[in-house]
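Letter by letter, the chains look like this.
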Amino acid sequence: SLLQEMSWPSMQVLILPVLALASLALLSQGVEGGAGSWLADTWSQAGQASKQASSALYKGMKDLACLKMECCSASWRPANYSRLEQLLGDNLVGQHIAQDMIVRAVRGHQRNRAPSKPLVLSFHGWTGSGKNFVSQFIADSFYKLGLDSQFVHLFIATLHFTDVRQAGRYKDQLREWISGNGSACPHNIFIFDEVDKMPPGVLDAVKPFLDHYENIDGVDYRKNIFLFLSNTGGKEITQTALDSWNRGREREQISVMDLEHLIAAGAFNEEGGLQYSRMIEKNLVDVFVPFLPLERKHVKICVRNEFQRRDVAFTEEMVEKVADELIYWPAELKLFSTSGCKRVAQKVDLLLEEEEWGKDEL
């Protein structure tokens, strides 16, 4: 147990002040008459010192416990921006806008000692473009335990909010969960995945926690991070990327200014969790982050990364073969992967099994 692992010297540091105070109290009982005033003062001082010693003992025990168990402390929450930048640079493919905007937004909010509101980021784009990857990287760079941290809360629409008839109950549950965890620690990450599949109106329960309030019922929520992941706006993003390609414009020349207003309008009007949302209506989303559709060249990078992750020898012919297995849009151009890199790992599985089967046949 934790107490068994504590060394005697550390126990002495915590316990001896309390024992000394107890001895002082016993000795003071033998003092008579004229020393009454001295005794009263001494006893009062001893009482105050006892409270301080008890507080120190509690703090010491808590600090020792936090060496073993995750606590709401800087040691468990390094908030390493350099690591986030490196993770995005090494793993996020074809997303120059997202990589730049996310690092700057997260770093700016966390460096601000008194932010005016929580950081609210809304990720939009086709499936497989990297939205889940990014949310994982943020958790991994901010908390030692990453997504397993008790301060990272993941909500999945198709798992947690499946019945539109239960929208009222979902709202109550969300309020209780956010207020309870926000009270326990001022630094949390709340991730909402598949927002486009949530019943409309449920996210309005979150709105008060995103607003410019110094506190709600005595709790300050302004240092929390809220991430919303959605496929809404994907059509507008993809069409913009296609138009840019048709004009011969470099992909890297597409900016957030070209897309942010389209995403906000699409998210607000398309059916799903953000439809007619008060958080959009009240301008509480700090950044709408567009994830561009991935081209074949990006898919091939994902394929190479997957082979390298498995430490498997591969050829460019194998890379092309995996890339050929995916579906592209528009059909006549085969420009953008409709599933991004999401199915790459499964396609690599099939290819490697096919290679092994061929060896066995020989």
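Our subject is the structure listed above.
What this report covers is the structure whose coordinates are included nearby. Here the structure is a predicted model, which is why all the values come from computation and not from measurement. (Residues numbered from 1 in each chain as written. Predicted model: local features only at pLDDT ≥ 70, side-chain atom pairs only at ≥ 80, totals over all residues. Heavy atoms only, no water.)

What follows is about the state of the cysteines. Using the criterion set out here, one finds 3 disulfides in the structure. Here C72 connects covalently by a disulfide to C185, the sulfurs 2.0 Å from one another. Taking the torsion about the sulfur-sulfur bond, which here is approximately 65°, the covalent link between C72 and C185 counts as right-handed. Residue C72 is located in the loop between α3 (36-68) and α4 (81-91), and its partner C185 is located in the loop between α8 (167-184) and β3 (189-193); the two are separated by 113 residues in the primary sequence. (Disulfide = S-S within 2.5 Å. Helix = DSSP H or I, 4+ residues; strand = E, 2+ residues; numbered from the N terminus.)

For the peptide bond that leads from W329 to P330, omega is -10°, which places it in the cis range. Looking at where P330 falls in the secondary structure, it is placed in the loop between β6 (328-329) and β7 (336-337). Here N283, not a glycine, exhibits a phi torsion of approximately 60°, which is positive. Looking at the element boundaries, N283 is found in the loop between α12 (278-281) and β5 (287-291). In this structure N283 comes out as exposed when scored by relative accessible area, which is 64%. Not every positive phi belongs to a glycine, and D311 is a case in point at roughly 55°. Relative to the assigned elements, D311 resides in the loop between α13 (296-309) and α14 (316-324). (Buried < 20%, exposed > 50% of the residue type's maximum accessible area, 1.4 Å probe, protein only.)

Attention now goes to the packing of α4 against helix α5 (residues 96-111). Where α4 contacts α5, the axes come no closer than 10 Å and their chain directions differ by 170°. With respect to α5, the axis of α4 lies roughly antiparallel. Between α4, through Y81, L84, E85, L88 and G89, and α5, the contact on the second element is made entirely by Q99, I102, V103, V106, R107, Q110 and R111. In terms of residue class, the contact of α4 with α5 is built from 6 nonpolar, 3 polar and 3 charged. (Axes fitted to C-alpha atoms, helices over the stretch in contact; angles between N-to-C directions. Parallel < 35°, antiparallel > 145°, perpendicular 65-115°, else oblique. Contact = heavy atoms within 4.5 Å. Nonpolar A, V, L, I, M, F, W, Y, C, P; charged D, E, K, R; others polar.)

Attention shifts here to the layout of surface pockets. The method is simple in principle: a probe with the dimensions of a water molecule rolls over the atoms, and the space it marks as empty is what remains. If you add up the space inside the largest pocket, you get close to 830 Å³. In terms of lining, the largest pocket is formed by 31 residues, of which the most central are G128, G130, F133, C341 and K342. Within the residue set of the lining of the largest pocket, elements represented by two or more residues are α4, α6 (131-142), β4 (225-230), α13 and α15 (344-361). For the lining of the largest pocket, the element with the highest residue contribution is α6, accounting for 5 residues. Tallied by class, residues from the lining of the largest pocket come to 11 nonpolar, 11 polar and 9 charged. (1 Å grid on protein atoms, 1.4 Å probe; cavity = no way out; pocket = protein on both sides within 12 Å on 5 of 7 lines; lining within 4 Å. Points joined across faces, edges and corners; volume = space filled by probe spheres on them.)

By the definition in use, this model includes 19 salt bridges. The shortest N-O distance in the salt bridge between R296 and E320 comes to 2.8 Å. Taken together, the positions of R296 in helix α13 and E320 in helix α14 put the pair 24 residues apart, joining distant regions of the chain. With a relative accessible area of 25%, R296 lands in the partly exposed category. Across the pair K300 and E320 runs a salt bridge, and its minimum N-O distance is 2.7 Å. Residue K300 is located in helix α13, and its partner E320 is located in helix α14; the two are separated by 20 residues in the primary sequence. (Salt bridge = Lys/Arg side-chain N within 4 Å of Asp/Glu carboxyl O.)

Attention now moves to the packing of aromatic side chains. Two measures describe an aromatic ring pair: the distance that separates the ring centres and the angle between the ring planes. The full count for this structure, using the stated rule, is 12 aromatic pairs. Of note, K144 hangs over the ring of W76, and the distance from its end group to the ring centre comes to 5.5 Å. (Phe/Tyr/Trp six-rings, centres within 6.5 Å; stacked < 30°, edge-to-face > 60°. Lys NZ or Arg CZ within 6 Å of the ring centre and 35° of its normal.)

It is worth spelling out the sheet that holds β5 at this point. Read from one edge to the other, the open sheet built from 5 strands follows the order β2-β3-β4-β1-β5, with strand pairing classed as parallel. Pairing within the sheet leaves two strands with one partner each, and these edge strands are β2 (152-156) and β5. Within the sheet, the average angular offset between the axes of one strand and its neighbour, ignoring direction, is 15°. For β3 and β4, the ladder comprises 4 bridges, and the chain directions are parallel. Across the sheet, I191 pairs through a bridge with L227, a residue of β4. Contacting β1 (119-125) and β5, helix α11 (residues 256-269) crosses the sheet at an angle of about 105° to β5. (Pairing = 2+ DSSP bridges.)

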